[in-house]
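Examining the three-dimensional arrangement
These are the residues of each chain, in order.
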Amino acid sequence: MDVKIADSWKTHLDHEFSKTYFMELTAFVKSEYQAQTIYPPGKEIFRAFDLINFEAVKVVILGQDPYHGPKQANGLAFSVREGITKPPSLINIFKEIQNESGKPIPESGDLERWAKQGVLLLNATLTVRARQAGSHQKKGWEEFTDAVIKSLSDQREHLVFMLWGAYAQKKGAIIDASKHCVLQSPHPSPFSADRGFFGNNHFKKANEYLKANGMEEIAW
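First, a word on what this report is: a plain description of the structure on this page. (Residues numbered from 1 in each chain as written. Predicted model: local features only at pLDDT ≥ 70, side-chain atom pairs only at ≥ 80, totals over all residues. Heavy atoms only, no water.)

**A short note on the pattern of salt bridges**
Our working definition: For this document, the term salt bridge refers to a Lys or Arg side-chain nitrogen within 4 Å of an Asp or Glu carboxyl oxygen. A run of DSSP states H or I qualifies as a helix once it reaches four residues; a run of E qualifies as a strand once it reaches two. Both are numbered from the N-terminal end. With a 1.4 Å probe rolled over the protein chains alone, any residue whose accessible area is under 20% of its type maximum counts as buried; one over 50% counts as exposed, and the rest are partly exposed.
In this structure the tally under the stated criterion is seven salt bridges. The partner of Arg-47 in a salt bridge is Glu-112, with the nearest N and O atoms 2.5 Å apart. Taken as a pair, Arg-47 in helix 3 (residues 47–50) and Glu-112 in helix 5 (residues 112–115) lie far apart in primary sequence, 65 residues in all. For Arg-47, a relative accessible area of 13% gives the class buried. Between Asp-154 and Lys-150 there is a salt bridge, and its shortest N-O distance comes to 2.6 Å. Of the two residues, Asp-154 and Lys-150 both sit in helix 6 (residues 141–155), four residues apart, roughly one turn of that helix. Note on Asp-154: relative accessible area 41%, which makes it partly exposed.

**Describing helix 8 (residues 202–212)**
The cut-off we apply is this: Here the arc refers to the directions that run from the helix axis out to each C-beta atom. What makes two residues a contact is simply this: any of their non-hydrogen atoms within 4.5 Å.
Listed in full, the buried residues belonging to helix 8 are His-202, Phe-203, Ala-206, Asn-207, Tyr-209 and Leu-210. Down the axis of helix 8, the buried side of the element spans an arc of 160 degrees, and every buried residue falls inside it. Exposed residues pointing more than 90 degrees away from the buried face of helix 8 are listed as Lys-211 and Ala-212. Residues of helix 8 that are buried sit in contact with strand 2 (59–63), helix 4 (88–101), helix 5, strand 5 (160–164) and strand 6 (181–185). Immediately beyond the C-terminal end of helix 8, within one or two residues, lies Gly-214, with a positive phi of roughly 75 degrees.

**Some remarks on the sheet that holds strand 2**
Rules: Strands qualify as paired when DSSP identifies two bridges or more between them. Every angle, taken between N-to-C directions, lies between 0 and 180 degrees, and every axis is a line fitted to C-alpha atoms, over only the stretch in contact when it is a helix.
Taking strand neighbours across the sheet as the criterion, the four strands line up as 3-2-5-6 in an open arrangement whose pairing is parallel. Looking at the sheet topology across the chains shown, the edges are occupied by strand 3 (119–123) and strand 6. Across the sheet, the axes of successive neighbouring strands diverge by a mean angle of 20 degrees, strand direction being ignored. As judged from the three bridges shared by strand 2 and strand 5, these two strands associate in the parallel manner. In the strand pairing of strand 5, Ile-61 is matched with Met-162. Packing against the sheet, helix 6 makes contact with strand 2, strand 3 and strand 5, and its axis sits at approximately 150 degrees to strand 3.

**Let's talk about the packing of aromatic side chains**
When we look at a pair of aromatic rings, we describe it by the centre distance and by the angle of the planes. What counts here: Only rings of Phe, Tyr and Trp enter the pairing, Trp through its six-membered ring, and a pair is recorded when the two centres are within 6.5 Å. The plane angle decides the type: under 30 degrees is stacked, over 60 is edge-to-face, the rest tilted.
What the rule picks out here adds up to 19 aromatic pairs. When the centroid spacing of 5.4 Å and the interplanar angle of 55 degrees are considered together, the rings of Phe-22 and Phe-144 count as tilted. Linking Phe-22 in helix 2 (residues 20–35) with Phe-144 in helix 6, this pair joins segments that are 122 residues apart in sequence. Their ring planes at 85 degrees and their centres at 4.8 Å tell us that Trp-114 and Trp-220 sit as a pair that is edge-to-face. Linking Trp-114 in helix 5 with Trp-220 in the segment after helix 8, this pair joins segments that are 106 residues apart in sequence. As far as the burial class goes, Trp-114 and Trp-220 line up, both buried. Following the ring pairs from residue to residue traces out a cluster consisting of Trp-9, Phe-17, Tyr-21, Phe-22, Phe-46, Phe-49, Phe-54, Trp-141 and Phe-144.

Shown next, in the form of structure tokens:
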């Protein structure tokens with residue numbers, strides 16, 4: 001099966017594409033795009049991988065689902081298209097960065113600028129039906145994105161993994177914390193941000209870790 005994913009990732013994940021779960025997932029996703037309104041647009045399903053090579057990843061931020069409102073999802077976790085109103089979780093992410101660094105909240109919610117610096121913005125599920133949160137969960141995407149995380153954990157060193165909320169933190173079980181920096185806190189959602197996301201200093205801690213390991217810091 002020809003999966004349109006950047007070559008540097010294909011090298012590390014090629015074995016996944018021939019597995020039964022992935023073939024079933026592909027058939028499901030194709031049928032959904034034909035019958036339903038699905039986000040993000042098909043060409044952006046693997047955008048998080050298209051913007052950054054496997055060897056260039058420095059930070060992994062894990063989300064759950066793509067946004068399910070019109071014109072929001074752009075293939076990057078927590079990110080929205082240029083000109084689209086920033087969702088509450090993204091606003092809270094920017095507020096935490098502002099609190100840590102004094103930087104003003106940017107006008108754009110498109111996080112492509114982070115991806116190009118080495119931040120993999122990975123949703124556990126890469127597609128979703130319009131206005132139906134969680135509608136593509138447990139169809140195979142989680143197995144694939146777990147393989148992505150495990151591959152990075154096993155084959156790279158000194159990465160920063162940001163795990164926000166209980167769902168993301170479960171992924172910590174497949175990350176080797178002895179050779180990576182694993183940062184955990186409540187989710188930036190308005191329902192939980194006040195319970196420990198604000199004040200977690202994750203963006204500052206990430207840059208301190210990267211610098212200590214000889215890597216360029218991220219301009220958040």
